[in-house]
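Structural characterization, general
Listed here are the chains, written in short residue letters.
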Amino acid sequence: MRHALEIGCLCTGILCLFYYLGIVLYAGITTSFAWIWLSGGAVLLLLRFALRFESVHPHIWLRFLTGAVFALIAAALVVILVIGSRIVGAMCMVPQENLDYVIVLGAQVRGTSPSLSLKKRLDRAAEYAKENPDTIFILSGGQGADEGISEAECMFQYLSAAGVPEDRLLMEDASTSTRENLVFSAEIIRALDADKDSLGSVGVLSNNFHIYRALLLAKQTGYTNVSGIPADSVLVMQPHNILREICAVLVMKVSLC
């Protein structure tokens, strides 16, 4: 059993370190939350060293410490499996047809062009617009310090060029987070439908790994008839994106307690 644990820690730790290197090479060293793979790999390799050391120099306190670390890892795996299964389930969601509104959540703009993640969202939005000609799109995203134009403006230009009529595209360019995307977009919908008691049927469009958390936030901020529209995401970054979303959902749920 101990030998199997040592091998497991060694192999998993090395995989985490190699995946961290892959993230850095693909997306850059400043990629948000990438440090967790480096930290996780280091912890697992240290744990393997501790197991080997304890087998040669048995000590009750070292045995207790390694046992406590394994217990924490087991608890973390349970959380990852529970929340991760819900995220994966939302990734497979079939979009509702003929929605009144679709909120396209912004993502990074590189200069004046969409990043790959944002482009995948916009391609999915263009596809949905073609299939559902009466749906109005709210393009939601402000302008970051490193962006040449707002995310909303970038999305407007891209979808207009893709053939979506401009009168179906509304821009919300003040938000800086997913929660603000949803809150500010709701204000636009209420202004358009001032005579209605509800926001109508609304879709939230984002990369597939983001849908579960986006829908949780939507329900928290007053959307009652809301569904997700998953767009594709970069495959090599999918494990990282899902793990980051698991942590974000956990923080969100804890903050509500």
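Residues numbered from 1 in each chain as written. Predicted model: local features only at pLDDT ≥ 70, side-chain atom pairs only at ≥ 80, totals over all residues. Heavy atoms only, no water.

1. Overview of the overall build of the protein chain
The criterion, for reference: Labels follow the DSSP assignment, with helices taken as runs of H or I lasting at least four residues and strands as runs of E lasting at least two, numbered in each case from the N terminus. Here, two residues are considered to be in contact whenever any of their heavy atoms come within 4.5 Å of each other. Reported accessibility uses the Shrake-Rupley method at a 1.4 Å probe radius. Residues are deemed covered only where the shown protein chains occlude them. Neither His nor the chain ends contribute to the count of charged residues, in which Lys and Arg are positive and Asp and Glu negative. A charged residue contributes its charge at one atom only: NZ of Lys, CZ of Arg, CG of Asp or CD of Glu.
Each helix and strand in the protein chain was counted, giving 8 helices and 7 strands. Summarising its shape, the C-alpha atoms of the protein chain cover approximately 75 × 35 × 30 Å along the three principal directions. Taking the contacts inside the protein chain whose residues are at least 6 apart along the sequence as the reference set, 74% of them involve residues at least 24 apart. When the accessible surface of the protein chain is split by element, carbon and sulfur atoms take 65% of a total near 13,600 Å². Considering the protein chain, the positive charge centre built from 19 side chains and the negative charge centre built from 23 side chains are found 14 Å apart.

2. Brief notes about the pairing of strand 6 (residues 202-207)
What counts here: Exposure classes here rest on a 1.4 Å probe applied to the protein chains alone. A residue is buried below 20% of its type maximum, exposed above 50%, and partly exposed in between. We call two strands paired when DSSP finds no fewer than two bridges between them. The handedness of a crossover follows from its direction of travel: if, with the strands pointing away from the viewer, the path from the first strand over the helix to the second runs clockwise, the crossover is right-handed.
With respect to burial, strand 6 is a largely interior element, 6 of its 6 residues being buried. Here strand 1 (residues 101-105) runs beside strand 6; their pairing, made up of 4 bridges, is parallel. What sits directly across from V102, in strand 6, is G203. Here 6 bridges tie strand 6 to strand 7 (residues 226-231), and the two strands are oriented parallel to one another. Across the sheet, N207 pairs through a bridge with A231, a residue of strand 7. Between the parallel elements strand 6 and strand 7, the chain passes through helix 7 (residues 211-220) in a crossover that is right-handed.

3. Focus: the sheet that holds strand 5 (residues 169-172)
Applied cut-off: Fitted lines through C-alpha atoms give the axes, limited to the stretch in contact for helices. The angle between two N-to-C directions lies from 0 to 180 degrees.
Strand order across the open sheet formed by 5 strands is 5-4-1-6-7, with parallel pairing between neighbours. The open sheet is flanked by strand 5 and strand 7, the only strands paired with a single partner. The sheet shows a mean angle of 25 degrees between the axes of neighbouring strands, taken without regard to direction. Contacts between helix 4 (residues 116-131) and the sheet are confined to strand 1, strand 4 (136-140), strand 6 and strand 7, with strand 6 contributing the most and set at about 145 degrees to the helix.

4. Describing the pattern of salt bridges
So the rule is basically this: The rule for a salt bridge is simple: a side-chain nitrogen of Lys or Arg has to be within 4 Å of a carboxyl oxygen of Asp or Glu.
The final tally for this structure, using the stated rule, is 4 salt bridges. A salt bridge links R52 to E6; its shortest N-O distance comes to 2.8 Å. Of this pair, R52 sits in helix 2 (residues 35-56) while E6 sits in helix 1 (residues 2-27); the two residues are 46 residues apart in sequence, bridging distant segments of the chain. Under the relative-accessibility criterion, R52 is labelled partly exposed at 37%. Taking relative accessible area as the criterion, E6 reaches 6% and is therefore assigned buried. Residue E245 is joined to R213 by a salt bridge in which the shortest nitrogen-to-oxygen separation is 2.9 Å. Of this pair, E245 sits in helix 8 (residues 238-256) while R213 sits in helix 7, and the two are 32 residues apart along the sequence. Comparing E245 with R213, the two get one shared label, buried.

5. A short note on the layout of surface pockets
For clarity, the cut-off: Both cavities and pockets are sets of points on a 1 Å grid over the protein atoms alone; in a cavity a 1.4 Å probe fits but cannot get out, in a pocket the set is open with protein on both sides within 12 Å along at least five of seven lines, and lining residues sit with an atom within 4 Å of a point. Grid points are joined across faces, edges and corners, and a volume is the space filled by probe spheres set on the points. Residues are grouped as follows: Ala, Val, Leu, Ile, Met, Phe, Trp, Tyr, Cys and Pro are nonpolar; Asp, Glu, Lys and Arg are charged; every other residue, Gly included, is polar.
The computed volume of the largest pocket comes to approximately 1,200 Å³. As for the largest pocket, its lining consists of 36 residues, and the residues nearest its centre are S32, A107, Q108, S117 and R244. Contributing elements (two or more residues each) for the lining of the largest pocket: helix 1, helix 4, helix 6 (178-192) and helix 8. By residue class, the composition of the lining of the largest pocket is 7 nonpolar, 21 polar and 8 charged. In terms of lining, the second largest pocket is formed by 20 residues, of which the most central are I36, A76, L77, I80 and L243. Among the elements of the structure, helix 1, helix 2, helix 3 (60-91) and helix 8 are those that each provide at least two residues to the lining of the second largest pocket. Element by element, the count of residues in the lining of the second largest pocket is highest for helix 8, at 7 residues.

6. Description of the nonpolar core
In plain terms, the rule: Residues belong to one nonpolar core when they are buried, are Ala, Val, Leu, Ile, Met, Phe, Trp, Tyr or Cys, and are joined through side-chain atoms within 4.5 Å.
I103, L182, V202, V204 and Y223 are the most contacted members of the largest nonpolar core, which totals 27 residues. Excluding residues within four positions of it along the chain, I103 makes contact with I138, S140, L182, S185, V202, G203, V204, L205 and Y223. If you look at the next biggest cluster of nonpolar residues, it comprises 23 residues, including V104, A107, A129 and L205.

These figures capture arrangement, not role.
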